[in-house]
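Here is what each chain is made of, one letter per residue.
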Amino acid sequence: MAAKLADAVERGKRPERPMDLALAEAEGAGARGEVPVGAVVLGPDGAVLARAGNRTLELRDPSAHAELLAIRAACAALQSERLIDCDLYVSLEPCAMCAAAISFARIRRLYFGASDPKGGGVEHGARVFDQPTCHHAPEVYGGIGESAAAALLKGFFAARR
């Protein structure tokens with residue numbers, strides 16, 4: 001499924017759902033040998049501001065998670081450090097680092113695919129948005145495109161064992 005999504009995106013056809021774009025970015029990350037996680041930021045008007053896949057190995061940067069790369073690009077596009085009224089779609093539950101960045105960027109809504117019981121920071125682990133020190137908590141919607149996101153991750157890690 002994800003290969004078809006990536007092909008459609010390459011041919012200039014826009015998938016109907018933003019999570020499809022995030023999954024296509026995740027597939028691209030996996031093809032580069034990165035953990036297959038993808039993210040897309042939609043602006044207040046619903047247009048795609050930025051999209052990215054993990055690039056921690058390529059950039060030799062432990063902070064080059066898909067979410068952070070997409071947030072940085074969206075902030076640059078809007079020329080603002082805040083992404084008020086913007087939504088983030090990501091294929092995997094964000095880690096604590098990414099959840100903190102989502103809070104600082106003032107993302108309106110977070111949609112994620114697969115849960116991450118081991119490394120997640122939203123519904124698992126640190127639960128960043130539930131902490132009293134969290135300045136902004138977005139609306140959170142998990143399980144969007146969950147089966148496709150989980151299949152990408154499982155396939156990626158199975159191939160490495």
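Turning our eyes to something else, we now look at the nonpolar core. Ranked by size, the top nonpolar core spans 45 residues in total, and within it Val-41, Ile-71, Leu-83, Leu-88, Ile-102, Leu-110 and Phe-129 carry the most contacts. Of all the secondary structure elements, the ones that give two or more residues to this core are α2 (18-31), β1 (38-42), β2 (48-53), α4 (66-78), β3 (87-92), α5 (96-105), β4 (109-114) and α6 (146-159). The element contributing the most residues to this core is α4, with seven residues. Contacts of Leu-88, omitting those with residues within four sequence positions, involve Ala-39, Val-40, Val-41, Glu-67, Ile-102, Ile-107, Arg-109, Leu-110 and Tyr-111.

This part takes up unusual backbone geometry. Of note in this structure, Asp-85 is not a glycine but carries a positive phi near 65 degrees. With respect to the helices, strands and loops of the structure, Asp-85 is situated in the loop between α4 and β3. Phi at Arg-106 takes a positive value of approximately 65 degrees, unusual for a residue other than glycine. Within the fold, Arg-106 resides in the loop between α5 and β4.

For the rest of this paragraph, the subject is the packing of aromatic side chains. Taken as a whole and judged by the stated rule, the model has three aromatic pairs. Ring geometry for Phe-156 and Phe-157: centres 5.1 Å apart, planes at 85 degrees, overall edge-to-face. For Phe-156, a relative accessible area of 10% translates into the label buried.

Of the volumes computed, that of the largest pocket is approximately 410 Å³. In terms of lining residues, the largest pocket is bounded by 20 residues, among which Val-35, Val-37, Leu-92, Asp-116 and Phe-157 are the most central. Within the residue set of the lining of the largest pocket, elements represented by two or more residues are α3 (56-59) and α6. Here the element with the most residues in the lining of the largest pocket is α6; it accounts for three residues. The residue makeup of the lining of the largest pocket, split by class, is ten nonpolar, five polar and five charged.

Rules of the game
- Numbering of residues begins from 1 in every chain and follows the order in which that chain's sequence is written.
- Residues qualify for local features only when their pLDDT is at least 70, as the model is predicted, and side-chain atom pairs are given and counted only at 80 or more; totals for whole chains, interfaces and linings, by contrast, use all residues.
- Computation of side-chain values: all heavy atoms of the structure, hydrogens and water removed.
- Note on terminology: a nonpolar core comprises buried Ala, Val, Leu, Ile, Met, Phe, Trp, Tyr and Cys residues joined through side-chain atoms within 4.5 Å.
- Burial here depends on accessible area, computed with a 1.4 Å probe over protein chains only, as a share of the maximum for the residue type. Under 20% is buried, over 50% is exposed, and the range in between is partly exposed.
- Numbering goes from the N terminus for both helices and strands, where a helix is a DSSP run of H or I of at least four residues and a strand is a run of E of at least two.
- Only heavy atoms enter the contact rule, under which two residues are in contact if any of them lie within 4.5 Å.
- Aromatic contacts are taken between Phe, Tyr and Trp rings whose centres are within 6.5 Å, Trp giving its six-membered ring; a plane angle under 30 degrees counts as stacked, one over 60 as edge-to-face, and the others as tilted.
- A cavity, in this analysis, means grid points on a 1 Å lattice covering only the protein atoms where a 1.4 Å probe fits yet has no way out; a pocket is instead an open set bounded by protein on both sides within 12 Å along at least five of seven lines, and a residue lines either one if it has an atom within 4 Å of a point.
- Grid points are joined across faces, edges and corners, and a volume is the space filled by probe spheres set on the points.
- All amino acids are sorted into three groups, where Ala, Val, Leu, Ile, Met, Phe, Trp, Tyr, Cys and Pro are nonpolar, Asp, Glu, Lys and Arg are charged, and the leftover types, Gly among them, are polar.

It is worth stressing that arrangement in space is one thing and function is another; only the former is reported here.
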